[in-house]
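# Architecture at a glance
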Amino acid sequence: MSILKIVKDDAPQRAADVPAEGGSSGLSLEEIRERLAGAEGRQFWRSVDQLAGSEGFRELLHREFPRQASEWLGGGTSRRRFLQLMSASLALGGLSGCVKQPAEKILPYVRQPVEVKPGTPLYFASAATVGGYATGILVESHTGRPTKIEGNPDHPASLGGTDTLVQGMILDLYDPDRAQEVTDTGRPRTWGALVEALQPHIDALRAVGGAGIRILTEAVSSPTLASQLEDLRSELPEMRWHTWEPAAGHPAAETARSTFGRPLEVRYDLTKVDVLITLDSDFLTQGPGSARYAADFSARRRVWEAAEADRSMARYYALESTVTATGTLADHRLPLPPSTLAKAAKALASRLGADASSQVMTGFAPAVEEWLTAAVSDLSAAGSGALVVAGPYASPEVQAAAQEINAALGSEAVTYSESIDANPVDQGANLGELVSALESGSVELLVIVGGNPVFNAPADSRLPEAILEAKEALYLGLYENETSRSCRWQVPAKHFLEGWSDARAFDGTASIVQPLIDPLYRSCRSAHQVVALLAGRSEADEYELVRDYWAGQGLDDRALRSAIHNGVVPDTERPAVVPSAAGGSPLAPPLEPAADGEIELVFRPDPTIWDGRFVNNGWLQECPKPLTKLTWDNALLLAPATAAAYGLANGDRVHVAVGERTVEGIPVWIQPGLPAKSATLHFGYGGSGLGRVGKGTGFDVYPLRTAAGLWNATATLTKADGQYPLANTQDHGSMEGRHLVRSASLEEYSHHPDFAQHMVHVPTREQSMYPPHEHDGYAWGMVVDLNACMGCNACVVACQAENNIPVVGKDQVLKAREMHWLRVDRYYEGDLDNPRILHQPVSCQHCEQAPCEVVCPVAATVHSPEGLNEMVYNRCVGTRYCSNNCPYKVRRFNFLQYVDNSTETLKMVRNPYVTVRDRGVMEKCTYCVQRINRTRIAATVEGRKVRDNEIKTACQGACPSDCIRFGDISDPTTGVSEWKDLPLNYGLLEELNTRPRTTYLARVSNPSRKLETT
């Protein structure tokens, strides 16, 4: 059967097969297409460089370390030179292994707090917001020092999961580059001096009803802050409140206003969905409710949880103008340029009878026509069990089509509620009004609360110049940046873990944001305090503001304490409303296809630094992007066909022009799965502010975003001279010629549920040359469900935060020296232009017969009685034999002193239960042994065994789609044991007889019979 032919990750491109004429660049794109078309069976590949057999990939593949990280320069080292180097290596390794640790002073408690139990961290509920939407979190605190963020399982937007951005937020708290004092045109001042200077001016403006006062905020969902601003507007009727959120879903709000006459929140119940279609949407990894949606969707894809006679599985179609992590889970994914995608969405609506005013659209390419026909058939058959989700950045045409289809089919999975945005205005027009007021000279006092609008406002907004016309300007922000330098006053903002506040989730549920630590810098203030200043309360207390607001909502002190403790204010979810057509403003004009010589440009927030607010966050900068695997940079993403048409390769520089606006020298990255004649640019990079980490990273593409083209534009490309080094990790840790990721269709699974276990010959226990390890207690193991993994990398950042993993920087990533203990391998299957995409997290497999253990000369890597492959750091002398012998390539070596031991605030972010490693030692995943030990000790004290799911590894706790199970595999009743007993369960490289403790559930897809599948 074809399913038994799965899946050598490099079967068509082993280095020996690459013809010599390929030179350093290997095969051409056309040759790659021919080879893929003629290959037998199903082929999985990781990158275009791998398929081409480029020189760089061959070097990575056939050398344990890349050239820059090795002493062997390929020139034929003599035996004498080898012995010299190894002698020096062992000598230096011994010295570094026995090096004296830096002196660290400790201070004991004078009086032990009764609530603090030594050795046990405390957890406090709070909420983190991005774009105004809150996610419920639990924050781990060690004696008043927060170090780790987890999801709050009792919060409806979290259900215990988080995302990449939320995982990285803890590092911003301790960032030494944060603004630390009030400044007046760059000169240090105090909050008292600011109040003394501005209070007379504010009093004079209050006397005339607030005329001349303008407030500019990001999206606000805080009930307390919204109440403050509304009270201020009532008190000062001439004051104006403006909102700008650069990565908000403006097209979605525009369409709601047009259709319903008001902005509404749309909510989805994916547990009721049988057929899902997304239109330019990445709603499982980005945007409001993404963690909740990811958990609900993954539950609908676990076909093995249903009875054999009722094996139903949601089918998923994705129509995209760019490649998204959500779209990689689709059974059928179709990439189209934005203009064609809009027409396809209208065609779906018209063919389903949802758009009576539109004729049935035709003229599509055969492949598109076939796709639409199958999608229409499945939607019609599903009826109320169907759901169409339009992404927030999709054009208004696409938004309207989704609304019409859901209404026509009577979808039970979609509901609407009132917007949680406290100032739901047309942000583009609203910002234009502020600019006009500034240019007219009528703004006496401009107060900017958060964000960086001078950097990220539309390029044609004229805000950077207009802001200088304000008589007085005050900026509240976490960092010095473009906006702070345009204002006279800057007030350093509190991190959300330093002050009291509140916020609403996607469904309206409110949470109290409580501080975990006193402000690190005395001058820091919050948005509540700055707004209170305008109300004449310069010394207002945040807690009192929050308490007073909720007291007005009927919460007494006891109920408020309960809400703070639980992380959820009860009965605050917004009720569903039944919208009716209101004949609002007309939709924006439809997108026009690009002319010859032009391309359709797609703008999106960056997956790891968002709109630029996290650009100084080293964890997020070094986290590989989910699809491109780029770090520390953005690039112009092009489809292989588009790159070939322009004669471009990875790293080539181009000039991108939209009208008269140009971004020069941005590098190209070829991304399979993008539509032809289209390109994607992620914004957020290239700013001049923030701090040392983000300085000089990436390219500023905000100059190409205009008010009329925030998400799409027509552009021209011009090839520039030179190349730009892009730090990409997609080929690091490649495992040549091995059976890795495994998948089959639902039909194949129904006939052969154990297909994944018959891919290779697995040696029996008796066939090993090593004696078996005996375990008479716990035996820890893990299973990863490939059906649910989206490659979002939340697990990668969570692991970094939990285990004190250092950031190494772009130069070191270019040398393949990144230190992440966990990587998420991304595989393509099929052709270059529209491949299937699969993800596979890989960390230390904790092998029962570990190849690393037998080669370590100093017994630094050992097997624990509970089955963990453990590293004894102070034994390691840096031979790297273990890494050479590891077939999974999951061990990391500290080549340099990556850890900052001098910056005091950075010391505070470290987990005290995990060793901080210096240079010269090998590191790897430990299954979060510190969590295992802490829980086991507590269970022993209580005279019981560790309960199932009582221990969660950092990666497991962060995963929004719940794709990881961990626990005691010696107990057949645990969840991890149940998954290991499934026929889909298989081990990575089991044919090597390593017997890994980490195993995987093979991916099962649910394709339509009407469409050809790979």
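From a predicted model like this one, the values you see are computed outputs, not experimental measurements. (Residues numbered from 1 in each chain as written. Predicted model: local features only at pLDDT ≥ 70, side-chain atom pairs only at ≥ 80, totals over all residues. Heavy atoms only, no water.)

Right, let's get into the overall build of the protein. A count of helices and strands for the protein gives 29 helices and 39 strands. For the protein, with 1014 residues in total, the buried portion stands at 61%. Considering only residue pairs separated by 6 or more positions, the protein has 75% of its internal contacts joining residues 24 or more positions apart. Carbon together with sulfur atoms contributes 51% to the accessible area of the protein, which is approximately 38,900 Å² in total. (Helix = DSSP H or I, 4+ residues; strand = E, 2+ residues; numbered from the N terminus. Buried < 20%, exposed > 50% of the residue type's maximum accessible area, 1.4 Å probe, protein only. Contact = heavy atoms within 4.5 Å. Areas by Shrake-Rupley, 256 points an atom, 1.4 Å probe, with all protein chains shown as cover.)

Along the chain, the position of Ile609 falls in the loop between β20 (599-605) and α20 (618-622). Since its relative accessible area comes to 0%, Ile609 is described here as buried. The spacing of Ile609 and Phe683 is 74 residues in sequence and 8.9 Å in space, taken between C-alpha atoms. In contact with Ile609, not counting residues within four places along its chain, are Phe614, Val615, Gln621, Gly684 and Tyr685.

Attention now goes to helix α23 (residues 794-802). Counting buried positions along α23 yields nine of nine residues, so the element is predominantly enclosed. Where α23 is concerned, the buried positions are Ala794, Cys795, Val796, Val797, Ala798, Cys799, Gln800, Ala801 and Glu802.

Below, the discussion takes up the nonpolar core. In this structure, Leu446, Leu601, Leu636, Val656 and Ile666 are the most contacted members of the largest nonpolar core, which totals 87 residues. Non-local contacts of Leu636, meaning those with residues more than four positions away in its chain, are made with Leu601, Val654, Val656, Ile666, Pro667, Val668, Trp669, Ala679, Thr680, Leu681 and Leu717. Counting 74 residues, the second-largest nonpolar core is a separate cluster that includes Leu822, Tyr898, Val946 and Leu1001. (Core = buried A, V, L, I, M, F, W, Y, C linked by side-chain atoms within 4.5 Å.)

Moving on, we come to the confidence of the model for the protein. Residue-level pLDDT values for the protein average 85, and 84% of them are 70 or greater. Counting interchain partners and residues more than four positions distant, the pLDDT-below-50 stretch residues 1-24 has 70 contacts. Here residues 64-75 scores under 50 on pLDDT; set against residues more than four positions off or in separate chains, the count is 27 contacts. (pLDDT = per-residue confidence, 0-100.)

Another point: the packing of aromatic side chains. Per the stated rule, a full pass over the model turns up 18 aromatic pairs. With centroids separated by 5.6 Å and ring planes inclined at 75°, the aromatic side chains of Phe297 and Tyr316 adopt a geometry described as edge-to-face. With Phe297 in helix α9 (residues 290-299) and Tyr316 in strand β11 (residues 315-320), the pair connects residues that are 19 residues apart, well separated along the chain. Given the relative accessible area of 4%, Phe297 is considered buried. Three or more aromatic residues joined by ring pairs form one cluster here, namely Tyr393, Phe455, Phe683, Tyr702 and Trp711. The positively charged end of Arg705 is found above the aromatic ring belonging to Phe683, 4.2 Å away from the centroid. (Phe/Tyr/Trp six-rings, centres within 6.5 Å; stacked < 30°, edge-to-face > 60°. Lys NZ or Arg CZ within 6 Å of the ring centre and 35° of its normal.)

Another aspect to go through is helix α17 (residues 527-534). Across the eight residues that make up α17, a large majority, eight, are buried. Turning to α17, its buried residues are Ala527, His528, Gln529, Val530, Val531, Ala532, Leu533 and Leu534. Positive phi shows up at Gly536, right after α17, with a value of about 85°.

Adjacent strands of a sheet form backbone hydrogen bonds with each other and so pair up, either parallel or antiparallel. Read across the open sheet, the four strands follow the order β12-β11-β10-β13; overall the sheet is parallel. At either end of the open sheet lies a strand with only one pairing partner, and these are β12 (332-335) and β13 (386-390). The average undirected angle you get between the axes of adjacent strands in this sheet is 10°. Against the sheet, helix α11 (residues 366-382) engages β10 (275-279), β11, β12 and β13, with an angle of about 135° to β11. Those strands touched by helix α12 (residues 396-409) are β10 and β13, and its axis lies near 165° from that of β13. (Pairing = 2+ DSSP bridges. Axes fitted to C-alpha atoms, helices over the stretch in contact; angles between N-to-C directions.)

Our next topic: the side chain of Thr631. Mapping Thr631 onto the fold places it in strand β21 (residues 630-631). Those residues in contact with Thr631 that sit more than four places away from it in its chain are Gln621, Glu622, Cys623, Pro624, Ala727, Thr729 and Val813.

In regular strands, side chains alternate between the two faces of the sheet. Most of β20 sits inside the fold, with seven of its seven residues counted as buried. Residues Ile599, Leu601, Phe603 and Pro605 of β20 are buried on one face, and the alternating residues Glu600, Val602 and Arg604, pointing to the opposite face, are buried as well. Relative to strand β26 (residues 712-723), β20 is paired through four bridges, and the arrangement is antiparallel. Bridged to Val602 within β26 is Asn712. Inspection of the sheet shows β20 paired to strand β25 (residues 678-683) by six bridges, in the parallel sense. Note that in β25 the partner of Phe603 across the bridge is Leu681.

As a further point, take unusual backbone geometry. One non-glycine residue with positive phi stands out, namely Thr143, at about 45°. Counting through the fold element by element, Thr143 comes out in the loop between β3 (133-142) and β4 (145-151). The exposure class assigned to Thr143 is exposed, which follows from its relative accessible area of 55%. The backbone phi angle of Asn993 is positive, close to 65°, even though this residue is not glycine. Mapped onto the elements of the fold, Asn993 is located in the loop between β37 (985-987) and β38 (998-1001). Take Asn993: its relative accessible area is 13%, and that puts it in the buried class.

What follows concerns the pairing of β3. Of all ten residues that make up β3, eight are buried, and the element is covered over most of its length. Bridge analysis of strand β2 (residues 122-130) against β3 gives nine bridges, and the strand direction is antiparallel. Its bridge partner lying in β3, Phe124 is registered against Val139. Two successive antiparallel strands, β2 and β3, enclose a turn made up of two residues, where Gly131 displays a positive phi of approximately 65°.

The next thing to look at is the pattern of salt bridges. For the structure on display, the rule yields 46 salt bridges. A salt bridge links Glu369 to Arg351, with the nearest nitrogen and oxygen atoms 2.7 Å apart. Pair noted here: Glu369 is in helix α11 and Arg351 is in helix α10 (residues 338-351), with a separation of 18 residues, a long-range link. The class of Arg351 is partly exposed, set by a relative accessible area of 23%. Through salt bridges with shared partners, one network takes in Asp184, Arg187, Arg189, Glu472 and Arg488. (Salt bridge = Lys/Arg side-chain N within 4 Å of Asp/Glu carboxyl O.)

Take the sheet that holds strand β29 (residues 780-785) next. Spatially, β36-β29-β38-β37 is the arrangement adopted by the four strands of the open sheet, whose pairing is mixed. Every interior strand has two partners, whereas the edge strands, β36 (964-968) and β37, have only one. Geometrically, the sheet is characterised by an average inter-axis angle of 30° between neighbouring strands, direction not taken into account. Relative to β38, β29 runs parallel, the two sharing four bridges. Paired with Asp785 across the bridge in β38 is Leu1001.

Positionally, Gln167 belongs in helix α5 (residues 164-173). One polar contact links the side chain of Gln167 to the main-chain carbonyl oxygen of Ile149, over a distance of 3.0 Å. Among residues more than four places away in sequence, those in contact with Gln167 are Lys148, Ile149, Thr162, Trp619, Ala794, Val797, Ala798 and Ala958. (Polar contact = N/O pair within 3.5 Å; in protein donor to acceptor, adjacent residues only side chain to side chain.)

Right, let's talk about the packing of helix α18 (residues 542-552) against helix α19 (residues 557-566) for a bit. Their axes nearest at 10 Å, the elements α18 and α19 cross at an angle of 115°. Considered as vectors, α18 and α19 are oriented roughly perpendicular to each other. As α18 runs across α19, the sense of the crossing is right-handed. Contacts from Tyr543, Arg547 and Trp550 of α18 reach α19 at Asp557, Leu560 and Ile564. Its residues placed into classes, the contact of α18 with α19 shows four nonpolar, no polar and two charged. (Parallel < 35°, antiparallel > 145°, perpendicular 65-115°, else oblique. Left-handed = near helix turned anticlockwise from the far one by under 90°. Nonpolar A, V, L, I, M, F, W, Y, C, P; charged D, E, K, R; others polar.)

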